[in-house]
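# Understanding the architecture of this molecule
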Amino acid sequence: MLFQVEMTVKLPTDMPTEQADKIKATEKSYSQDLQRQGKWRHLWRVAGSYSNVSIFDAEDNAELQELVSNLPLFPYMEINVKPLCRHPSSVREDDS
Ligand SMILES: O=C(O)C[C@H]1C=CC(=O)O1
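Note that residues are indexed from 1 along each chain, following the sequence as it is written. Given that the model is predicted, a residue must reach a pLDDT of at least 70 before its local features are reported, and side-chain atom pairs must reach 80 or more before they are shown or counted; all residues, however, enter totals for whole chains, interfaces and linings.

Rule in force here: UniProt positions are given in the numbering used here, feature names are shortened, and annotations may be inferred rather than shown by experiment.
An unreviewed UniProt entry lists the protein chain under the name Muconolactone Delta-isomerase, with Vreelandella populi given as the organism. Per its UniProt entry, the protein chain bears the Sequence similarities (unreviewed entry) comment "Belongs to the muconolactone Delta-isomerase family." In its Catalytic activity (unreviewed entry) section, UniProt records this for the protein chain: "(S)-muconolactone = (4,5-dihydro-5-oxofuran-2-yl)-acetate".

What follows is the structure, given as structure tokens:
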């Protein structure tokens, strides 16, 4: 199942830079691992913001919840999820 996931990062302004950098590095590694596994299909920066729009490919809602709640930045993000299904006019055969 495909999901559009929009994440907005809101790190506390008083978080020490070293701590923030460490969380971001762990997040990068975790996200790249999921991208290589094909679970995190697309990752786009929303221009002008500390937000991304992503497409996840998860078995079901429970797996999506597990993937997203394990993000190191999860405690510091607002997350919106929209379930997706194939558009009848799509010409892409691999959009399932
Ligand atoms: O930067 C972000 O949008 C938050 C998050 C998503 C991937 C990653 O490395 O960090």
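We are not done yet, so read on.
## Side note on the site of the ligand
Applicable threshold: We call a residue near a molecule or strand when the C-beta position, derived from backbone atoms, sits within 6 Å of it. Put simply, DSSP H or I for four residues or longer makes a helix, DSSP E for two residues or longer makes a strand, and each gets a number counted from the N terminus. Under the grouping applied here, Gly and all other residues not named as nonpolar or charged are polar, the nonpolar ones being Ala, Val, Leu, Ile, Met, Phe, Trp, Tyr, Cys and Pro and the charged ones Asp, Glu, Lys and Arg.
The ligand sits among Met7, Val9, Glu27, Lys28, Ser31, Leu43, Asn52 and Leu73. If you list the elements that add at least two residues to the shell around the ligand, you get strand E1 (2-9) and helix H1 (17-37). Residue composition of the shell around the ligand, grouped by class: four nonpolar, two polar and two charged.

## Details of the nonpolar core
Spelled out, the test is: Buried Ala, Val, Leu, Ile, Met, Phe, Trp, Tyr and Cys residues form a nonpolar core when they are connected through C-beta atoms within 7 Å. Three exposure classes are used, based on other C-beta atoms lying within 10 Å of a residue's own C-beta, which is placed from the backbone: buried for 20 or more, exposed for 12 or fewer, and partly exposed in between. Note that contacts rest on C-beta atoms placed from the backbone: two residues are in contact if these are within 7 Å.
With nine residues, the main nonpolar core is built from Val5, Met7, Leu34, Trp40, Phe56, Leu64, Leu67, Val68 and Leu71. Mapped onto this core, the elements with two or more residues apiece are E1 and helix H2 (61-69). Discounting chain neighbours no more than four positions away, the residues touching Leu67 are Leu34, Lys39, Phe56 and Ala58.

## Some points on the UniProt feature "domain: Muconolactone isomerase" (unreviewed entry) in the protein chain
According to UniProt, the positions carrying the feature "domain: Muconolactone isomerase" (unreviewed entry) are residues 1-89. Annotation note: span residues 1-89, helix share 34%, strand share 33%, distance between end C-alpha atoms 18 Å.

## Some thoughts on the sheet that holds strand E2 (residues 40-45)
Filter applied, for reference: Strands are labelled as partners when DSSP assigns at least two bridges between them. Here an axis means a line fitted to C-alpha atoms, over the contact stretch when the element is a helix, while the angle between two N-to-C directions is reported on a 0 to 180 degree scale.
What the four strands build is an open sheet, ordered E2-E3-E1-E4; its pairing is antiparallel. Of all the strands in the sheet, the pair left with one neighbour each is E2 and strand E4 (77-84). Looking at each pair of strands side by side, their axes are set apart by 15° on average, direction ignored. Note that E1 and strand E3 (residues 51-57) share seven bridges and pair antiparallel. The residue bridging Val5 from the neighbouring strand is Ser54, located in E3.

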